[in-house]
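Structural features, examined
Listed below, chain by chain, are the residues.
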Amino acid sequence: MTGLFDISGKVALVTGGAQGLGRMIAEGLVRAGARVYITSRKADICEQTARELSEFGECFPIPADLTTPEAATALVNEIKSRESVVHILINNAGKTWGAPLESFPDKAWASVMAVNVQGPFTLVRDLLPLLKAGATAENPARVINIGSLAGAKAERLSAYSYSASKAAIHHLSKVLAADLAESHITVNAVVLGYFPTQMTAHIRKEDDETQKLLARVPLGRLGTPEDIVGLITFLSSRAGAYVTGSEMYLDGGLSGCA
Ligand SMILES: NC(=O)c1ccc[n+]([C@@H]2O[C@H](COP(=O)([O-])OP(=O)(O)OC[C@H]3O[C@@H](n4cnc5c(N)ncnc54)[C@H](OP(=O)(O)O)[C@@H]3O)[C@@H](O)[C@H]2O)c1
């Protein structure tokens with residue numbers, strides 16, 4: 001049972017790994033000894049984060065705006081020029097759009113679906129040769145898609161395209177898990193509750209809004225880096241090798257017991 005949570009030496013790609021939850025995930029993987037590629041739309045932030053995380057191990061920046069499938073393919077080609085195997089793909093980059101129902105704009109659909117659903121699909125499709133190259137029955141390659149409680153239950157966020165996109169990525173994870181099981185690639189969705197990042201800043205901007213949110217969370221707090229890194233490490237290591245096609249809730253009890 002030694003080494004159950006060991007991920008040292010694995011190669012990982014974390015989209016949106018320069019900021020927010022992606023950065024937390026990337027730092028956790030780097031500190032655990034994985035070689036980690038991170039993306040951001042902003043080259044300077046991407047490079048700065050990679051420099052900072054390189055203090056703990058190996059981290060490399062690849063700037064990419066994943067709004068188009070062509071950009072996802074270009075990202076994979078860049079990875080292919082540097083690596084022959086990818087063990088862990090974390091589809092973390094995500095876009096949201098909030099507006100009242102009456103004025104919710106049509107343009108809030110295509111870009112949100114592109115980043116949150118089509119991008120992850122294209123990355124999986126194009127990375128298949130590299131994912132398969134390192135995958136065995138005992139140690140499958142891992143695809144982890146970052147989902148949201150908003151895609152699992154009706155959170156009142158007025159984020160219509162975002163909620164639908166997250167429901168879509170949860171389901172797409174299961175479909176891909178079924179198709180890729182025989183290739184020894186697991187695919188899971190991590191369904192997140194509330195973490196204090198830029199994406200949730202508007203919900204937390206007033207003290208009483210934060211208190212209202214906390215009052216709804218059975219465990220009484222927001223998520224932390226330890227919470228997300230713990231679950232990602234589990235799913236990426238031998239410990240999580242038998243988990244596929246799952247929606248893993250990381251929400252302080254909001255979905256299960258609120
Ligand atoms: N925070 C929460 O409570 C919460 C809850 C449920 C789910 N999530 C999910 O967690 C993931 C990370 O979100 P976060 O909370 O860390 O929010 P965030 O701080 O706003 O981060 C969003 C990330 O997505 C990247 N991104 C956005 N649009 C992109 C694009 N067109 N191309 C490439 N990258 C793009 C951003 O990269 P750059 O800005 O650096 O380009 C950034 O790294 C998302 O999938 C989100 O839906 C978060």
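See the structure printed just above.
Numbering of residues starts from 1 in each chain and follows the order in which that chain's sequence is written. Only residues with pLDDT of 70 or above have their local features reported here, since the model is predicted, and side-chain atom pairs are shown and tallied only from 80 upward, although totals for entire chains, interfaces and linings are computed over all residues. Hydrogens and waters are ignored; side-chain quantities use all the structure's heavy atoms.

Below, the discussion takes up the packing of helix α1 (residues 20–31) against helix α7 (residues 225–236). Here the axes come from fitting lines to C-alpha atoms, over the contacting stretch only for helices, and the angles between their N-to-C directions go from 0 to 180 degrees. Strands are runs of DSSP state E lasting at least 2 residues, helices are runs of H or I lasting at least 4, and numbering of each runs from the N terminus. Axis separation between α1 and α7 bottoms out at 9 Å; the angle between their running directions is 55°. The pairing of α1 with α7 is recorded here as oblique in orientation. Relative to α7, α1 is oriented so that their crossing is right-handed. Within the contact between the two elements, α1 uses L21, M24, I25, G28 and L29 and α7 uses P225, I228, V229, I232 and S236. Three residue categories are used. Nonpolar comprises Ala, Val, Leu, Ile, Met, Phe, Trp, Tyr, Cys and Pro, charged comprises Asp, Glu, Lys and Arg, and polar comprises the others, including Gly. Partitioned by chemical class, the residues of the contact of α1 with α7 number eight nonpolar, two polar and no charged. Angular relationships are summarised with four words: roughly parallel below 35 degrees, roughly antiparallel beyond 145, roughly perpendicular across 65 to 115, and oblique for the angles in between. By definition, turning the near helix anticlockwise from the far helix through less than a right angle yields a left-handed crossing, and turning it clockwise yields a right-handed one. Any pair of residues with heavy atoms lying within 4.5 Å of one another is described as a contacting pair.

Only protein atoms enter the calculation, which uses a 1 Å grid: trapped sets of points that fit a 1.4 Å probe without letting it out are cavities, open sets showing protein on both sides within 12 Å along at least five of seven lines are pockets, and any residue with an atom within 4 Å of a point is a lining residue. Grid points are joined across faces, edges and corners, and a volume is the space filled by probe spheres set on the points. Scanning all chains against the criterion turns up two cavities of 30 Å³ or more. By volume, the largest cavity amounts to about 50 Å³. What lines the largest cavity is simply T15, L66, N91, N92, A93, V115, G119, P120 and L123. The class makeup of the residues in the lining of the largest cavity is five nonpolar, four polar and no charged. In this model, the second largest cavity occupies a volume close to 40 Å³. If you trace the second largest cavity, you find it lined by N91, N92, A93, V115, N116, P120, N145, I146, K166 and I169. Among the residues forming the lining of the second largest cavity, the class breakdown is five nonpolar, four polar and one charged.

Our next topic: the nonpolar core. As a rule of thumb, soluble globular proteins bury nonpolar side chains together. Within the largest apolar cluster, 31 residues are counted, with the highest numbers of intra-cluster contacts made by L29, V36, I90 and I228. Per-element tally for this core: the top contributor is α1, with six residues. When near neighbours in sequence (up to four residues on either side) are disregarded, L29 contacts I7, A12, V14, A34, V36, I90, I232 and S236. Counting 28 residues, the second-largest nonpolar core is a separate cluster that includes V117, A135, I169 and V187. Remark: nonpolar core denotes a set of buried residues (Ala, Val, Leu, Ile, Met, Phe, Trp, Tyr, Cys) joined through side-chain atoms within 4.5 Å. The buried label goes to any residue with under 20% of its type's maximum accessible area, the exposed label to any with over 50%, and the partly exposed label to all in between, with areas taken from a 1.4 Å probe on protein chains only.

Turning our attention to the packing of aromatic side chains. Under the pairing criterion, centres of Phe, Tyr and Trp rings, with the six-membered ring standing for Trp, must be within 6.5 Å; the plane angle then separates stacked pairs below 30 degrees from edge-to-face pairs above 60, leaving the rest tilted. A full pass over the atoms with the stated rule returns three aromatic pairs. With 5.4 Å between their ring centres and 35° between their planes, Y37 and F60 make a pair best called tilted. In this pair, Y37 sits in strand β2 (residues 35–40) while F60 sits in strand β3 (residues 58–63), placing the two residues 23 residues apart along the sequence. For F60, a relative accessible area of 29% corresponds to the partly exposed category.

Shape descriptors only; they carry no functional weight alone.
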